[in-house]
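Now for the letters of each chain:
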Amino acid sequence: MRKTNLLIGLLFLYTSLWGQDPWKITVSDVRTDNYYGVTVGNGMLGIVSSPEPLRTNNVVLAGSYDKYGRGRVSNFLNGFNMLNGSISIDGNRINRNNISGFTQTLDMKKATFTSHFTYADKADITCSYLALRQLPYCAMMVVEVEPKADITIAAVNTQETPDAFRDGRMFYNEINRRHAAIKLLTTQAKSPTGRLTVCASSAFMFPEKAGEEPRVTHTTHNSNSHQTSFSRKLRKGETYRFCIVGSTLTSAHHPDPMNETERLTVFACLEGYDRLMARHLSLWDDLWSSDIIIDGDAQAQQDIHNMIYHLYSFVREGSELSISPMGLSGLGYNGHVFWDADTWIFPALLMLKPQLAKSMIEYRYNRLQAAKENAFEHGFSGAMFPWESADSGFEETPVWALAGTFEHHITGCVAMAAWNYYRVTQDKTWLREKGYPILKATADFWLSRVEKDADGSTCHIRNVVAADEWAENVDDNAFTNGVAKLNLTAASQAAALLGEPATPAWDETAEKIVVLTFPDGVTREHSRYDGANIKQADANLLAYPLGLITDPHQIEKDLAYYETKVPEKNTPAMTQAIFSLLYSRLGNADKAAHFFKDAYILNLNPPFRVIAETKGGTNPYFITGAGGVLQAVMMGFGGLTITDGGITQEKQGVLPPHWKALTLKGIGPKAMVYSRKR
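Residues numbered from 1 in each chain as written. Predicted model: local features only at pLDDT ≥ 70, side-chain atom pairs only at ≥ 80, totals over all residues. Heavy atoms only, no water.

**Regarding the pairing of strand 6 (residues 85-89)**
- The element strand 6 is largely enclosed, with a buried count of five among its five residues.
- Of the two faces of strand 6, both are covered, the one formed by Gly85, Ile87 and Ile89 as well as the one formed by Ser86 and Ser88.
- The sheet contact formed by strand 6 and strand 7 (residues 92-93) spans two bridges and is antiparallel. Within the sheet, the bridge partner assigned to Ser88 lies in strand 7 and is Arg93. (Buried < 20%, exposed > 50% of the residue type's maximum accessible area, 1.4 Å probe, protein only. Helix = DSSP H or I, 4+ residues; strand = E, 2+ residues; numbered from the N terminus. Pairing = 2+ DSSP bridges.)

Next up, the structure:
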């Protein structure tokens, strides 16, 4: 513990002196050997940055899966990089070795990523790109060249078919009108098994009037790539701006992806730069109307903005899609949806932007029938949600991972999210049409899943993988039993609200499900638990988010016991966030501040402070951890609580000692403002 405190203290002191801008992270030492890209996203597209000028690393399109590679299960697809570009000046192609003053900036308020550099004594160049918020399948790159001498520039937009794709086809199409000329670079391919058709289209967008723009040429170098290019002479001091707009779709999103991809690119081109930027910025302003403002800790403010920014970037209103542990930052965890979405990410979004959270719970509702079939396969009633879910809603966990067969608490996590969505929004129509069907089917699952003692006085849930995943095939896991109890009582409450006939066994069974304790009263993680190290919070979750343990002395006793059982390495970030939240509610500001920093500071990777799953980990961006930290801030330091009547702010919850004030802005469906001062 002392070593951890010292490391966190030193790193915190260092980071407090660096990167103080609340909205921008600027990097001047852009290295290729220690670079973890940051994502710009619009909830459907995720575009990951590259340390190379005028490049993006990879593009991820939400909802795009195919069975290939690891585990014989569905995997996220790396999509076409339609913003792939290069530029030459006077015949010399720009690269890392012939530029100076190379900086990169993530602007979280505007959701743009910008690189700036100088080429010799000839030009300053700025390149920005963004996933357009108003157009879910479209992105734009903006290049500005400021000549220091008379020069000739040549720009190239290249589309390469990803290696895993097959049956690639390349197209070039010119659309000429009196008022516009659009040259479309389009590629179509099949996903690795041929299940999906994947398409991308892009075009240059020029500032000149129709007929005056540079001449665009199309070339095909090999069977795997083709490109468009143009050249233009520039005079000294004549700043020139051009754009690349691109769109990508699959047959999972549209029945005619190639034509629709080209239509969307044409639409973006004819909207034009000014209209595209204005609408994008306006929508991000709307998103940032819900914010967390910290007075007294500039680095924490920037980090919290970074977390909120990624939440907003990875989820989209109306998409009816949920979120994987790594969001749209890459292919981590195959892009599958776990309890991370329902338990760790969803509550933070529910506070900040209920309309975004709604997409996540509707993702579950739309796969309720698959969950019922999953229960049937395992000999149970009701609905049993899969541990790993993708597009179909059936189990997608690799066979070697026992969680896919036994980590049944996920079903209660889905129910908890549905119940909390209703409690926050008070939307009884939604509860009747979608929430209650989830609650009823999941409650019926638990009725068939529990096992009664011979005398019927107690109920047990046996043979599960715990929330602490190092505990496999154990009986009476604390969190599993606790979330089942919550699920059953929530179904009963929802039935009463709607005037539906509740199943009497729901409440009866909830009362009888055991929660084990040690002789000294500490909550026992499971029936065989004897004090071994744990992977992540489990028994402590009965205090939050379940709210089943409310006595402060019991909460403190459980914290004191389990906070020493979590190793420093190879454990996920959200555990310490729960410790911080609970200590804040208990009034222990020092421990709350310690675990707040311990939850993420040592998980940060350069150069943009992206969160990895574990301390020293290399798999960012771990949006699950960010969701846990945001809950620690809002529900811990800020004292927010979800009640049957909506969101309230309790007196419990203290700020870290060095924070002066905390303001939670735009919270819940009524966009309320809550504040707390030292």
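Now that the structure is up, let's keep going.
**Re the environment of Tyr309**
- Residue position: Tyr309 is located in helix 3 (residues 298-314).
- By relative accessible area, which is 0% here, Tyr309 ends up buried.
- Here the alpha-carbon distance between Tyr309 and Gly41, two residues 268 residues apart in the chain, equals 9.3 Å.
- What Tyr309 contacts, discounting residues up to four positions off in sequence, is Thr39, Val40, Gly41, Leu106, Met108, Ala111, Trp284 and Trp288.
- Separated by 2.7 Å, the side chain of Tyr309 and the backbone oxygen of Thr39 make a polar contact. (Contact = heavy atoms within 4.5 Å. Polar contact = N/O pair within 3.5 Å; in protein donor to acceptor, adjacent residues only side chain to side chain.)

**Side note on the pattern of salt bridges**
- For the coordinates displayed, the defined rule picks out 20 salt bridges.
- Of the charged contacts, one joins Asp90 and Lys122 as a salt bridge, the two residues approaching to 2.8 Å between their closest N and O atoms. Placement of the pair is Asp90 in the loop between strand 6 and strand 7 and Lys122 in the loop between strand 9 (112-119) and strand 10 (123-131), with a sequence separation of 32 residues.
- A relative accessible area of 33% means that Asp90 is categorised as partly exposed. (Salt bridge = Lys/Arg side-chain N within 4 Å of Asp/Glu carboxyl O.)

**Here we look at the side chain of Ser128**
- Secondary-structure assignment places Ser128 in strand 10.
- Looking at Ser128, its side chain comes within polar contact range of the side chain of Thr114, at 2.7 Å.
- In this structure Ser128 touches Phe113, Thr114, Met140, Met141 and Val142, once residues within four positions along its chain are discounted.

**Quick word on the sheet that holds strand 11 (residues 138-147)**
- Read across the open sheet, the nine strands follow the order 1-8-9-10-11-18-15-14-13; overall the sheet is antiparallel. At either end of the open sheet lies a strand with only one pairing partner, and these are strand 1 (24-27) and strand 13 (166-176). Sheet twist, expressed as the average angle between the axes of neighbouring strands with direction ignored, equals 15°.
- Looking at chain direction, strand 8 (residues 99-107) and strand 9 are connected through seven bridges and run antiparallel. Counted as the bridge partner of Thr105 is Thr114 from strand 9. (Axes fitted to C-alpha atoms, helices over the stretch in contact; angles between N-to-C directions.)

**So, empty space enclosed by the protein**
- For the structure on display, the rule yields five cavities of 30 Å³ or more.
- When its volume is computed, the largest cavity comes out at roughly 50 Å³.
- Along its surface, the largest cavity is lined by Val59, Val60, Leu61, Ser64, Leu77, Gly79, Val198, Thr248 and Thr250.
- Secondary structure elements with two or more residues in the lining of the largest cavity: strand 4 (56-67) and strand 18 (240-250).
- The class makeup of the residues in the lining of the largest cavity is five nonpolar, four polar and no charged. (1 Å grid on protein atoms, 1.4 Å probe; cavity = no way out; pocket = protein on both sides within 12 Å on 5 of 7 lines; lining within 4 Å. Points joined across faces, edges and corners; volume = space filled by probe spheres on them. Nonpolar A, V, L, I, M, F, W, Y, C, P; charged D, E, K, R; others polar.)

**Some thoughts on the packing of aromatic side chains**
- Counted by the stated rule, this structure contains 38 aromatic pairs.
- When the centroid spacing of 4.7 Å and the interplanar angle of 80° are considered together, the rings of Trp23 and Trp288 count as edge-to-face. Linking Trp23 in the loop between helix 1 (2-16) and strand 1 with Trp288 in the loop between helix 2 (257-287) and strand 19 (291-295), this pair joins segments that are 265 residues apart in sequence. Both residues of the pair, Trp23 and Trp288, belong to the buried class. (Phe/Tyr/Trp six-rings, centres within 6.5 Å; stacked < 30°, edge-to-face > 60°.)

**Some words on the layout of surface pockets**
- The volume enclosed by the largest pocket comes to roughly 680 Å³.
- In this structure, the largest pocket is lined by 33 residues; those nearest its centre are Ala543, Pro545, Leu546, Gly547 and Arg585.
- Counting residues per element, the ones that place at least two in the lining of the largest pocket are helix 4 (339-352), helix 8 (409-425), helix 10 (478-498), helix 12 (552-562), helix 13 (574-586) and strand 24 (640-643).
- Within the lining of the largest pocket, the residues separate by chemical class into 20 nonpolar, eight polar and five charged.
- In this structure, the second largest pocket encloses a volume near 500 Å³.
- Contributing to the lining of the second largest pocket are 25 residues, with Tyr333, Phe338, Trp387, Glu388 and Glu469 lying nearest its centre.

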